[in-house]
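Summary of structural features
Listed below are the residues making up each chain.
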Amino acid sequence: MARAGLTADRLVAAAAELADEAGFDNVTLSALARRFGVKDASLYSHVRNLQDLRTRLALLAGGEMIDEIAAAVAGRAGKDALAAFAGAYRAYALAHPGRYAATQIRLDQALVTDSPALRRTAEITYGMLRAYGLKEPDLTDAVRLLRSTFHGYCALEAGGGFGAPRDVQRSWERAIEALHVALENWPREEGTHD
C-alpha cells in the first residue's frame, strides 16, 4: 500500500535535492526511503526501480535547465544568444551539480522522443545554431562541440581544475567568443551549403 502523501513527484523532488547535496551517484532508493522514514519497499509503489527514479530525475533536471536557458536566450540571436545560452547552462550546472549530473546520463531514445522538455531542448539549441546558417549534419556536429565544451568547462570549474591565476570568468567569456568565431566560420560538410 502506498504511504499517504508519498508520490512519484515528491520522490523525484527529494532525489533532486539529495543529488545536489550528496552527488548524483548517492541517489539510491535506500537513501530516499530514509529521508521519508519508510522502508525501501514502500517506494516501489511510485517508481519501478533505481533506473526509473534516475531517469525521472534526469527529465526533471533537463526541464529545469532548458527553462532557464530558454528564458536567457529569449529575443536574442547570434553571439548574444550563444553567450546567454552558455551562461544559463553554466549557472545551472554550478548551482545544481547533482541535478546537472543527472542530465548527462544516457536515456532510452523512446523517452527522449516522448519528453516535451527534451524536445524543447533540441528546438532551442538547434534554433540558436540555425542563426549561424548551419544545417544537418553540421548542426549535430556543432551541438556536440558546444555540449562538450560547456560540460568540460563546468566539470573542471566545479572540481577546482583551473589553478592558473587567470580569472575563470574571463576565460569563459573568451571561450564563448572563440565558439562564436568557430560557428560563424564553420567548415561546412559537402552538401550542406545553400
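Here is a short report on the structure shown in this document. (Residues numbered from 1 in each chain as written. Predicted model: local features only at pLDDT ≥ 70, side-chain atom pairs only at ≥ 80, totals over all residues. Heavy atoms only, no water.)

The subject of this paragraph is the overall build of the protein chain. Regarding its fold elements, the protein chain presents 9 helices and 0 strands. Each helix (α) and strand (β) of the protein chain, taken in turn from the N terminus, gives the series α-α-α-α-α-α-α-α-α. Taking all contacts inside the protein chain whose residues are at least 6 apart in sequence as the whole, residues at least 24 apart take part in 68%. Looking at the protein chain as shown, the accessible area adds up to about 10500 Å², and 52% of this sits on carbon and sulfur atoms. One way to put it: in the protein chain the 23 positive side-chain charges average out to a point 5 Å from where the 25 negative ones average out. (Helix = DSSP H or I, 4+ residues; strand = E, 2+ residues; numbered from the N terminus. Contact = heavy atoms within 4.5 Å. Areas by Shrake-Rupley, 256 points an atom, 1.4 Å probe, with all protein chains shown as cover. Lys, Arg positive; Asp, Glu negative; His and termini not counted. Charge placed at Lys NZ, Arg CZ, Asp CG, Glu CD.)

What follows covers the packing of aromatic side chains. Throughout the structure, instances matching the rule amount to 6 aromatic pairs. Judged by centre distance (5.6 Å) and plane angle (75°), the rings of Tyr89 and Tyr100 are edge-to-face. Of this pair, Tyr89 sits in helix H4 (residues 78-95) while Tyr100 is found in helix H5 (residues 97-102), placing the two residues 11 residues apart along the sequence. Residues Tyr89 and Tyr100 agree in their burial class; the two are buried. (Phe/Tyr/Trp six-rings, centres within 6.5 Å; stacked < 30°, edge-to-face > 60°. Buried < 20%, exposed > 50% of the residue type's maximum accessible area, 1.4 Å probe, protein only.)

Here the focus is the environment of Ala101. Its place among the elements puts Ala101 in helix H5. Judged by its relative accessible area of 27%, Ala101 falls in the partly exposed class. The sequence separation of Ala101 and Lys79 amounts to 22 residues, and the corresponding C-alpha distance is 27 Å.

For Ala155, the position within the fold is in helix H8 (residues 138-158). Each C-alpha atom of the pair Ala155 and Ala93 lies 8.5 Å from the other, and the pair is 62 residues apart in sequence.

All right, on to a negative patch on the surface then. A contiguous patch of negative charge on the surface is contributed by Glu136, Asp141, Glu189 and Glu190. Residue placement: Asp141 occurs in helix H8. (Patch = residues over 30% accessible without salt bridge, like charges linked within 9 Å, V, L, I, M, F, W, Y side chains within 5 Å. Salt bridge = Lys/Arg side-chain N within 4 Å of Asp/Glu carboxyl O.)

Between Glu136 and Pro137 the backbone carries a cis peptide bond, its omega angle lying at 5°. Checked against the element boundaries, Pro137 lands in the loop between helix H7 (116-130) and H8.

Moving on to the packing of helix H1 (residues 8-22) against helix H2 (residues 29-36). Close contact between H1 and H2 brings their axes to 10 Å; oriented N to C, the two are set at 110°. The angle between H1 and H2 places the two elements in the roughly perpendicular class. Note on element contacts: H2 touches H1 through Ala31, Leu32, Arg35 and Phe36, opposite Arg10, Leu11, Ala14, Ala15, Glu17, Leu18 and Glu21. (Axes fitted to C-alpha atoms, helices over the stretch in contact; angles between N-to-C directions. Parallel < 35°, antiparallel > 145°, perpendicular 65-115°, else oblique.)

Moving on: the pattern of salt bridges. For the coordinates displayed, the defined rule picks out 11 salt bridges. For Glu173, the salt bridge identified is with Arg170, shortest N-O distance 3.2 Å. Residue Glu173 and its partner Arg170 are located together in helix H9 (residues 168-184), separated by 3 residues, close to a single helical turn.

Moving on, we come to the packing of H8 against H9. At their nearest, the axes of H8 and H9 sit 12 Å apart, and the two run at 170° to each other. Here H8 is positioned roughly antiparallel relative to H9, judged by the angle of their axes. Within the contact between the two elements, H8 uses Ala142, Leu145, Leu146, Thr149, Phe150, Tyr153 and Glu157 and H9 uses Val168, Ser171, Trp172, Ile176, Leu179 and Leu183. Counted by class, the contact of H8 with H9 contains 10 nonpolar, 2 polar and 1 charged residues. (Nonpolar A, V, L, I, M, F, W, Y, C, P; charged D, E, K, R; others polar.)

With that settled, consider the side chain of Arg90. With respect to the helices and strands, the residue Arg90 is situated in helix H4. A polar atom in the side chain of Arg90 sits 2.8 Å from the side chain of Glu157. Within the structure, the side chain of Arg90 is placed 2.5 Å from the side chain of Gln169, a separation counted as a polar contact. (Polar contact = N/O pair within 3.5 Å; in protein donor to acceptor, adjacent residues only side chain to side chain.)

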